[in-house]
Each structure stands twice: as structure tokens, then as C-alpha cells.
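Coordinate inspection notes
Next come the chains, spelled out residue by residue.
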Amino acid sequence: MRFLTPEEYAKVEVAADRLIPPLDAHPGGRALGVADYVDNLLGAFTFDPPLIFAGGPFSGRFGGEASFARFMSLSRIEELAWRTRIEGSRGIAEREFNGPVRGWQEMYREGLAALGDDFCLVDGEEQDRRLLATRRFRAVLYQHACEGAYGAPEYGGNRDLAAWHAIQWNGDVQPRGYTDEAVSGRD
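Please read all numbers here as calculations on a predicted model, not as lab measurements.

Glancing now at a nonpolar patch on the surface. A cluster of nonpolar side chains, contributed by I167, W169, Y178 and V183, occupies part of the molecular surface with about 430 Å² of accessible area. Take Y178: it is sitting in the loop between α7 (162–166) and α8 (180–184). Residue Y178 is classed as partly exposed on the basis of its relative accessible area, which comes to 45%.

Below, the structure is given as C-alpha cells:
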């Protein structure tokens with residue numbers, strides 16, 4: 001783990017299944033690696049280069065050189081923006097040009113704490129109630145859960161492309177691309 005404690009990681013796993021539940025052929029947020037995605041995102045700057053922009057132009061899944069796994073270096077401005085978004089302003093003048101900013105790291109620490117130490121042990125209805133009681137945190141977590149579940153697996157989620165298979169999406173098909181018929185729906 002990069003940022004989350006083991007207890008926080010477990011809460012994110014349980015919450016991921018409440019927000020993106022396993023159903024029929026869909027494995028759910030936990031199995032898709034949402035907690036890994038969130039941990040990588042919150043700890044993005046523990047990697048060099050940071051896990052912000054996957055390389056490209058191809059993943060290698062449908063041809064071309066597999067270059068998504070080589071993350072790109074950030075410009076000074078990109079790093080400033082992403083550190084502010086993830087870490088918050090932390091009283092650093094350069095990050096507070098528009099005032100103090102609460103970063104995702106702080107939001108997760110507070111939001112996961114607000115769910116309670118026993119969050120993983122209570123029944124699903126109580127978990128849902130607690131998630132609903134933390135509206136702002138739940139919104140951020142849901143956004144990140146969707147990114148982790150359905151995004152490119154190089155970011156830590158969508159294990160074994162299981163989400164793309166479950167929703168019957170081919171994923172990134174470059175360099176092959178889509179035919180005119182597939183794009184127009186006449187396929």
C-alpha cells in the first residue's frame with residue numbers, strides 16, 4: 001500500500017462493493033481493484049514518475065507497442081496542480097493562489113474515519129446509511145470507484161479487464177481502431 005492504512009484499504013474495498021455491487025457477470029468494485037486504484041491515486045507521488053498520465057499511444061492489447069505502463073513525467077505546472085488536488089494546499093503559498101485547498105488525501109482520511117472502525121463488520125444497510133451520511137466523501141469515492149473499476153488497468157483497477165468484459169466493451173482498441181460501421185451503429 002502506498003497511502004492507505006490496511007484498515008482504510010479494507011473500508012475502501014467494502015465501500016467499493018456497496019457503490020459498484022457484484023451482480024450477475026459483473027464482479028463488483030472490490031474484485032475489480034478499486035481499492036488499489038484509490039491507493040495508487042492517493043499515493044501517486046510515491047512513484048517516479050507519478051501515476052498520473054499513462055504513456056501511450058498504445059496499450060499493446062490490440063497491437064502496437066505496450067506503452068501505457070510507462071507513465072509520463074509531469075511539467076512543473078502539472079505537478080503543482082496534481083499535488084494540490086491530491087495532497088491539498090498544506091499552507092504552501094504556491095498551492096494557495098486561490099485560497100486553501102482540501103486535498104483528496106485529507107478527504108479520504110476524514111471520510112473513512114467517519115464511516116467508523118466497525119464499518120467492515122456491520123450489515124450492508126448500515127454501510128449504505130453511513131456512506132449516505134458522508135455525502136461529499138461518498139461523491140469523491142464514487143467517482144474514484146468508477147474510474148478504478150472501468151478505467152485502464154495500468155492505473156491499478158479493472159483487474160484482468162473484468163469490468164470491460166462484464167459490460168461487453170472491447171476497451172482501448174488502438175491501433176486497430178473502430179470501423180466506420182462500428183462507429184455509426186450499422187455494424
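In this section: helix α1 (residues 6–19). For α1, built from 14 residues, the straight-helix expectation of 20 Å at 1.5 Å per residue is met to within 8% by its first-to-last C-alpha distance of 20 Å. Of all 14 residues in α1, 10 are buried; the element is thus mostly enclosed. Those residues of α1 that fall on the buried side of the exposure criterion are E8, Y9, K11, V12, E13, V14, A15, A16, D17 and L19.

Here we take up helix α6 (residues 135–150). Since one α-helical turn is 3.6 residues long, residues separated by three or four positions face the same way. Taking 1.5 Å of rise per residue, 16 residues should cover 22 Å, and α6 covers 22 Å from first to last C-alpha, within 8% of that figure. For α6, every residue scored as buried is listed here: F137, V140, L141, H144, A145, G148 and A149. Down the axis of α6, the sector holding all buried residues measures 155°, keeping them to one side. Exposed residues on α6 whose side chains face more than 90 degrees from its buried face are R135 and R136. Residues of α6 that are buried make contact with α1, α2 (34–42), α4 (104–114), α5 (124–133) and α7.

Moving on, we get to unusual backbone geometry. A cis amide bond, omega 0°, links D48 with the succeeding residue P49. Inspection of the secondary structure assignment puts P49 in the loop between α2 and α3 (76–87). Following G56, the chain continues into P57 via a peptide bond in cis, with omega recorded as 15°. You can see P57 is positioned in the loop between α2 and α3. One non-glycine residue, D24, lies in the positive phi region at around 50°. Secondary-structure assignment places D24 in the loop between α1 and α2.

About the thresholds
- Residues numbered from 1 in each chain as written.
- Predicted model: local features only at pLDDT ≥ 70, side-chain atom pairs only at ≥ 80, totals over all residues.
- Heavy atoms only, no water.
- Patch = residues over 30% accessible without salt bridge, like charges linked within 9 Å, V, L, I, M, F, W, Y side chains within 5 Å.
- Areas by Shrake-Rupley, 256 points an atom, 1.4 Å probe, with all protein chains shown as cover.
- Salt bridge = Lys/Arg side-chain N within 4 Å of Asp/Glu carboxyl O.
- Helix = DSSP H or I, 4+ residues; strand = E, 2+ residues; numbered from the N terminus.
- Buried < 20%, exposed > 50% of the residue type's maximum accessible area, 1.4 Å probe, protein only.
- Expected span 1.5 Å × (residues − 1).
- Arc of directions from axis to C-beta.
- Contact = heavy atoms within 4.5 Å.

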